[in-house]
Amino acid sequence: MMHLELFSTYALALVTGALAGPSEQLVARQQPFKSTAITDHSEPWAFAFLPENRILVNERRGNMRLVDPTTKAKGTITGVPTVAYGGQGGLHDVSLHPNYTENSIVYVSYAESGSGGAGCTAARAKLTLNANGGGALSGLEVIWRHSQKASGGLQFACRMLFGSDGALWISSGEINQMTPAQSMTGNLGKMIKLYDNGTAFAGNPFASQGAIQSQIWSLGHRNPLGIDWDAQGRLWEVEMGPMGGDELNLIEKGANYGWPLVCEGKHYNGTNIPKHSTRPDFKAPKANWVPVISPAGLIIYKGDLFSSWKGNAIITGLSSQQLVRVTITGDTAKEAQRIPMGKRMRGIREDKEGAIWVIEDGANGRLLKLTPN
Ligand SMILES: *[C@@H]1O[C@H](CO)[C@@H](O)[C@H](O)[C@H]1NC(C)=O
Ligand SMILES: *[C@@H]1O[C@H](CO)[C@@H](O)[C@H](O)[C@H]1NC(C)=O
Ligand SMILES: *[C@@H]1O[C@H](CO)[C@@H](O)[C@H](O)[C@H]1NC(C)=O
């Protein structure tokens, strides 16, 4: 056994040595999976699997790519809306309509300029692929917007996820405005539940209060960059705290998660923020990180390929340059493992076979397929 492990490590070093520098070899040796690089991208933010064994990749400057993972060809999708590139903003998430095979509708979220600065916008459009490895979006329709814009280009978030009831969820960041996350007259710093056309979903907890309020499922969020369902149909969310206080939350109907009134971290100027324990009326995170991991994406693993990870949260970390694995038992969550990736990690999705795909952040961010060794 010992010899086999030594041999495989040596073989891996030989293989990766042709392509990578010494630090990448070291990182690869510490990873409990095989990592296959598919394509590289300019500042990728998100990706989505198409049924035709193709992958859409969003690059932050406003380019959507069509990747063929078999040939590693990388085409272009035209018709992407103009994005406000700058700070943390640009082209953000991409998600397929649950009936994509019938209607070819995809959703994009992006930073949009306007009065006061930029805010996040979500739109849907029909995707038509062409014979040249590319395609086009047409009939683009804005279905949702942040209720205010702000300068600075920070904390847009805006992941999009469909639920089994056909609802579209948007994790709305507070664009660094803080107190609006507690305000019911705006949709910043909230979890939003809509129909596929952007109308507020029936039965939302604050529907009786007004039009904006009717979109809101939960409040008090800062920069919620990752959302996913667990096998029981519960919604989990990761959000970045300020200096410390990144959170993994279990999202409950009508709940207030406390930002900016409580947090396990501090403000960037060192000022203390009251801890969650001081305000039991707010939902406390199920796990939190001081110092930060900078969570940028989340899956709750459901496949069989990594069988011992079933039901675990797998979180991509930007500043931590790690995948952080968290076990979930009932209502509790506990960090179990940190896997070094050697690069800031941005997006994450699981494919139908249970392989985990991740995408790096930055100038030459690679789309990687992770499979068991
Ligand atoms: C998808 O199609 C099914 C069958 O036509 C329909 O019942 C369902 O409402 C559709 N989902 C959405 C989100 O429109
Ligand atoms: C949006 O979809 C919902 C659910 O299908 C429907 O009740 C509503 O009328 C639609 N709104 C618009 C403006 O089309
Ligand atoms: C520190 O930063 C917070 C958040 O921006 C602000 O509310 C607070 O006034 C600042 N404190 C000092 C002493 O500058």
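For the structure, check the block above.
Below is a summary of the structure that appears in this document. It should be emphasised that the depicted structure is a prediction, and the values quoted were computed from it without experimental measurement.

Taken together, the residues surrounding ligand 2 are Y195, N197 and T199. N197 has a polar side-chain atom sitting 2.3 Å from an oxygen atom of ligand 2. At a separation of 3.2 Å, a nitrogen atom of ligand 2 approaches a polar side-chain atom of T199. The fraction of the free accessible surface of ligand 2 (360 Å²) that becomes covered by protein chains is 31%.

Moving on to the site of ligand 1. Taken together, H97, P98, N99, G166 and D196 form the complete shell of residues around ligand 1. Note that an oxygen atom of ligand 1 is positioned 2.2 Å from one of the side-chain N or O atoms of N99. In the complex, 37% of the free accessible area of ligand 1, which totals 360 Å², lies under the protein chains. Split by residue class, the shell around ligand 1 holds 1 nonpolar, 3 polar and 1 charged.

A word on the sheet that holds strand β23 (residues 356-360). If you trace the 4 strands from one edge of the open sheet to the other, you get β1-β24-β23-β22, paired in antiparallel fashion. The open sheet terminates on both sides in strands that have one partner only, identified here as β1 (34-41) and β22 (345-350). Along the sheet, successive strands turn relative to each other by an average axial angle of 20 degrees, direction set aside. Pairing geometry for β22 and β23, over 5 bridges, is antiparallel. Directly across from M345, in β23, lies its bridge partner E360.

What counts as what
Residues numbered from 1 in each chain as written. Chains lettered and ligands numbered in written order. Predicted model: local features only at pLDDT ≥ 70, side-chain atom pairs only at ≥ 80, totals over all residues. Heavy atoms only, no water. Near = heavy atom within 4 Å. Polar contact = N/O pair within 3.5 Å; in protein donor to acceptor, adjacent residues only side chain to side chain. Areas by Shrake-Rupley, 256 points an atom, 1.4 Å probe, with all protein chains shown as cover. Nonpolar A, V, L, I, M, F, W, Y, C, P; charged D, E, K, R; others polar. Pairing = 2+ DSSP bridges. Helix = DSSP H or I, 4+ residues; strand = E, 2+ residues; numbered from the N terminus. Axes fitted to C-alpha atoms, helices over the stretch in contact; angles between N-to-C directions.

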